[in-house]
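Fold and geometry: a report
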Amino acid sequence: MTDLEMHGQLMPAELTAQVRDKYYYVDIDPFTNKKRLFFDNSGGSFRLKDASKRFQEVDDLPNCGGHGGAASNYLDSLRTQACKDLSTMFNAKDGCIVTSMTASIIIYDVSDCIISNIPGTNVVTTQLEHPSAFDGCAAFAEKYGKELRVAKTDPRTGSIDPMEVVKLVDKDTCLLSVIMTSNITGAVLDIETIVREARKIKPDLYIICDSVQHTPHGLFDMQTCPVDAVNFAPYKFGGIRGLGAGWISERVMNLPHRKLIQERQDNWEMGGCAPAQYAALSAIFDYVCWLGSNFIDTDNRRDLYVEGMTRITLHERALLDRLLHGSAEVPGVLDIPGVHCAVEMDNLAERDLIVPLVFDNMTCEEASRAYEENGVVVHERTDASLYSARQVNSIGKHGIVRISPLHCHTFDDIDEFLKITAKIAAK
């Protein structure tokens, strides 16, 4: 592995300044107007100014798509363009785009569709899944009388070895549901290996992937990782709340599913989402392409998107390295007395920019409030919450403080966070 792959690379300072200007409230609290660090982008997330502006411009229009006329045709074109952009984002060649109010609804409904229609005696998933994916497997496995098999987390790494998942698959598995990136530990699972090895056991196995936490940080390529469904939450990627998006394969698309009787088989939307949401989706895609255009000269939007996401990944990996290891002037969290990373992070190429911390002398709730008092927004994930209990328990913890910056942050932001962390840990 090269030094670049392991440690990442910051974007040029001038470009980072432009990136920061494209988001709202990067370093200012919108309620107090005071300086702050927002390191909770795995829960909430920064908003792209262009996405918000394009949403409002379209949402203000009184016209309805499908009704004819220039304005109506324009609204229809937004959906066409957004579907094209999402297919390009995932490098998908067939199938269709799915939208709903949340990404959770999409993964839950797709699980129901596959488990209820595909023969088999068992369903395979993992301990690291978000409840929308895990419960989608558990609830419908129980409903249809199928065994639920769950791959266990390695408490040391907060990840799951691919073969620990694959060994649960057999010729009677009807669905494999596996998360791309843990929203608790930041571990990126080796989906490509899981898909390849699982389909050696059952070539026509249905596989779906929750990519909500990974999509803002890295690429997902359907040509190298041919799953049957992938979802993401645009609001975690600079977009607007109230929309989940995803892609499903042609064979999933053609399964019986909830739809109007006369509706097209490839339309999984019951009614339709606000046209403004489609405009905001394309604004996200345009933003990443703009980033890519600062490094390569091409009109190919897939190439621009890949380059933009590659630069985001490298920049965030450099931030992660700084957060863990610090510098000559400021120690990283691995060297600050009284605080520890909840899992080992030896290979940063297998991580997204999410770090779980635990403190020696305070609960994670107390630590989160201490950060808030010092102008830093983070979030505790504990087993008191249905959204994190199974995952934090799987690494042998009752809770962690989740740190999740974004690619618009800088080394200065990380260093300031580390100084505050040392101050909190010293208490």
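The following refers to the structure shown. Predicted, not measured: the structure shown is a model, and the values here were computed from it.

On to the environment of P256. Along the chain, P256 turns up in the loop between α9 (250-253) and α10 (275-293). On a C-alpha basis, the gap between P256 and S116 in space is 9.3 Å, while along the polypeptide they are 140 residues apart. The contact partners of P256, leaving out residues within four places of it in the chain, are C113, N117 and Q265.

Position of T313 among the secondary structure elements: in helix α11 (residues 301-325). Judged by its relative accessible area of 19%, T313 is buried. In the structure, T313 is positioned 37 residues away from A276 in sequence and 28 Å away in space, judged by C-alpha atoms. Setting aside anything within four residues of it in sequence, one finds T313 in contact with H217 and G218. Here the side chain of T313 touches H217 through a polar contact of 2.6 Å, landing on its backbone oxygen.

Once that is clear, we can look at the state of the cysteines. Following the criterion strictly, the structure yields 0 disulfides and no others. No disulfide involves C96; its sulfur sits 8.3 Å from the nearest other cysteine sulfur, which is in C83. For C96, a relative accessible area of 9% gives the class buried. No disulfide involves C341; its sulfur sits 14 Å from the nearest other cysteine sulfur, which is in C364. By relative accessible area, which is 15% here, C341 ends up buried.

Let us now look at helix α5 (residues 103-117). The end-to-end C-alpha separation of α5 is 21 Å, in line with the 21 Å expected for 15 residues at 1.5 Å each. Buried residues of α5: A103, I106, I107, V110, S111, C113, I114 and I115, and no others.

Evaluated as defined, the whole model comprises 26 salt bridges. D221 is the salt-bridge partner of R302, the closest N and O atoms lying 3.5 Å from each other. Taken together, the residues span a long stretch of sequence, with R302 in helix α11 and D221 in the loop between β6 (207-210) and β7 (229-232) at a distance of 81 residues. Judged by relative accessible area, which is 14%, R302 ranks as buried. Two residues, E307 and R311, come together in a salt bridge whose shortest N-O distance is 2.8 Å. Of this pair, E307 and R311 both sit in helix α11, 4 residues apart, roughly one helical turn. The exposure class of E307 is buried, given its relative accessible area of 15%. Three or more residues are tied together by salt bridges with common partners; here these are R54, D85, D286 and R301.

Reading the values: the criteria
- Residues numbered from 1 in each chain as written.
- Predicted model: local features only at pLDDT ≥ 70, side-chain atom pairs only at ≥ 80, totals over all residues.
- Heavy atoms only, no water.
- Helix = DSSP H or I, 4+ residues; strand = E, 2+ residues; numbered from the N terminus.
- Contact = heavy atoms within 4.5 Å.
- Buried < 20%, exposed > 50% of the residue type's maximum accessible area, 1.4 Å probe, protein only.
- Polar contact = N/O pair within 3.5 Å; in protein donor to acceptor, adjacent residues only side chain to side chain.
- Disulfide = S-S within 2.5 Å.
- Expected span 1.5 Å × (residues − 1).
- Salt bridge = Lys/Arg side-chain N within 4 Å of Asp/Glu carboxyl O.

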